[in-house]
Amino acid sequence: MDSSTVSIEKQQSADALRQHLKAAKHLRLQANTEPAAARDRLRLREWQAGRLARTHADLLASPRFGEAAQFFLSDLYGPKDFSSRDEEVERILPLLIKMLPTSALRTVALAVELDALSEELDSAMIAELCRAGLIDCIDEDAYATAYRAVGCQAERERQILLIRKTGEALDRLARKPLLSGMLKLMRGPAHLAGLRELHEFLERGFNAFRGMGSASEFLDSIDSKEQKLLTRLFAGVASPFVI
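About the thresholds
- Residues numbered from 1 in each chain as written.
- Predicted model: local features only at pLDDT ≥ 70, side-chain atom pairs only at ≥ 80, totals over all residues.
- Heavy atoms only, no water.
- Core = buried A, V, L, I, M, F, W, Y, C linked by side-chain atoms within 4.5 Å.
- Buried < 20%, exposed > 50% of the residue type's maximum accessible area, 1.4 Å probe, protein only.
- Helix = DSSP H or I, 4+ residues; strand = E, 2+ residues; numbered from the N terminus.
- Contact = heavy atoms within 4.5 Å.
- Phe/Tyr/Trp six-rings, centres within 6.5 Å; stacked < 30°, edge-to-face > 60°.
- Salt bridge = Lys/Arg side-chain N within 4 Å of Asp/Glu carboxyl O.
- Axes fitted to C-alpha atoms, helices over the stretch in contact; angles between N-to-C directions.
- Parallel < 35°, antiparallel > 145°, perpendicular 65-115°, else oblique.
- Nonpolar A, V, L, I, M, F, W, Y, C, P; charged D, E, K, R; others polar.

A. Inspection of the nonpolar core at higher detail. Core analysis: the biggest nonpolar cluster contains 45 residues, and Leu 17, Phe 71, Phe 72, Val 89, Phe 209 and Phe 218 have the highest contact counts within it. Looking at this core, the elements with two or more residues in it are helix H1 (3-31), helix H4 (66-76), helix H6 (93-99), helix H7 (102-131), helix H9 (153-174), helix H11 (196-212) and helix H12 (216-235). Sort the elements by how many residues they give to this core and H7 lands first, with 10 residues. For Phe 209, the contacting residues outside a window of four places in its chain are Ala 68, Phe 71, Phe 72, Gly 167, Leu 170, Asp 171, Ala 174, Ala 215 and Phe 218. If you look at the next biggest cluster of nonpolar residues, it comprises 18 residues, including Trp 47, Ile 126, Val 150 and Leu 230.

B. Expanded view of the packing of aromatic side chains. On inspection of all chains with the given rule, the structure shows 10 aromatic pairs. Between Phe 71 and Phe 201, the aromatic rings sit 5.6 Å apart at their centres with planes inclined by 35°, giving tilted as the arrangement. One end of the pair, Phe 71, is in helix H4; the other, Phe 201, is in helix H11, and 130 residues separate them in sequence. Grouping residues by exposure puts Phe 71 and Phe 201 together as buried.

C. Highlighting the pattern of salt bridges. Applying the stated criterion to the full structure yields 16 salt bridges. Ionic pairing is found between Asp 122 and Arg 45, a salt bridge with its closest N-O pair at 2.7 Å. Placement of Asp 122 in helix H7 and of Arg 45 in helix H2 (residues 35-55) is noted, with a sequence separation of 77 residues between them. Accessibility expressed as a relative area gives 1% for Asp 122, which makes it buried. We classify Arg 45 as buried; its relative accessible area is 2%. Between Arg 204 and Asp 75 there is a salt bridge, and its shortest N-O distance comes to 2.6 Å. Of this pair, Arg 204 sits in helix H11 while Asp 75 sits in helix H4, placing them 129 residues apart in sequence. Owing to a relative accessible area of 31%, Arg 204 belongs among the partly exposed residues under this scheme.

D. The side chain of Thr 166, seen in detail. Among the secondary structure elements, Thr 166 is positioned in helix H9. With a relative accessible area of 0%, Thr 166 lands in the buried category. With near-sequence residues (within four places) excluded, Thr 166 lies in contact with Leu 76, Thr 107, Leu 110 and Ala 111.

E. Spatial organisation of the packing of H9 against H12. It is the contact of H9 with H12, at a shortest axis distance of 10 Å, that shows an interaxial angle of 170°. In this view, H9 runs roughly antiparallel relative to H12, as classed from their interaxial angle. On H12, the residues touching Gln 153, Arg 156, Glu 157, Ile 160, Ile 163, Arg 164, Gly 167 and Glu 168 of H9 are Ser 216, Leu 219, Asp 220, Ile 222, Asp 223, Glu 226, Gln 227, Leu 230 and Phe 234. Across the contact of H9 with H12, the residue classes tally to 6 nonpolar, 4 polar and 7 charged.

F. Here's a closer look at the side chain of Arg 28. Counting through the fold element by element, Arg 28 comes out in helix H1. Filtering out sequence-adjacent residues up to four positions away, Arg 28 remains in contact with Arg 41, Asp 81, Phe 82, Ser 83, Asp 86, Asp 115 and Glu 119.

G. Region of interest: H4. Burial within H4 is extensive, with 8 of its 11 residues counted as buried. Regarding H4, the residues found buried are Gly 66, Ala 68, Ala 69, Phe 71, Phe 72, Leu 73, Asp 75 and Leu 76.

H. Seen up close, the environment of Ala 23. Position of Ala 23 relative to the elements: it lies in helix H1. Judged by its relative accessible area of 31%, Ala 23 is partly exposed. A sequence separation of 89 residues divides Ala 23 from Val 112, and the C-alpha atoms of the two residues are 9.3 Å apart.

I. Structural view of unusual backbone geometry. Residues other than glycine seldom take positive phi values, yet Cys 152 does so here, at roughly 60°. Following the sequence through the fold, Cys 152 ends up in the loop between helix H8 (140-150) and H9. Taking the relative accessible area as the measure of exposure, Cys 152 reaches 31% and is therefore partly exposed. For Ser 239, which is not a glycine, the phi torsion comes out positive at approximately 50°. Mapped onto the elements of the fold, Ser 239 is located in the segment after H12. Judged by relative accessible area, which is 45%, Ser 239 ranks as partly exposed.

Right under this line is the structure:
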């Protein structure tokens, strides 16, 4: 791949990153305008994190896949607030474009896009659960009812695709032997420069995926279960979470 192609790909990743940072920031500000709204958001995200842990309990318990599964639940989709990471990226984006390899920049862009889309879907779910008076007692039936009422099937399918694409991007990063040394060398300077969250995100993802070897089986398992769950939820089958 020649330098002009790399430059175009890096610029495309940078442009996408700017767009998704803006969207995620706007949605988080809306969700945290008042304490009650912030509590509702946290309540939904904690329930969803618990659901993910139950659905993918086999991966979490696996000696080979456990670290990567935990990374997905903590750093890609969970109750954690990613504001600090995204603010770091936004603050020094021009520098990141220069210093990060295209593959790392694309990984961050995909993670932020997933975050922005998840915020959008969560906002719609919270509104529906509040309308139905179920936000304080979320269970599988309440969640499934709100999920179907919100709809957004194309967006849900995009969310699953982004999980896959982010995992594949991390898998490619983990195959770059020089990146391990670069991340270690960057640790101190990154923390001093106020980039702790971003650096730890990349380092945790790199280490989790490097440790399990090929990610294909891991990502196939997540993709298959999440697609099956989506189909069951939209079809309105009984006990959709038993898959």
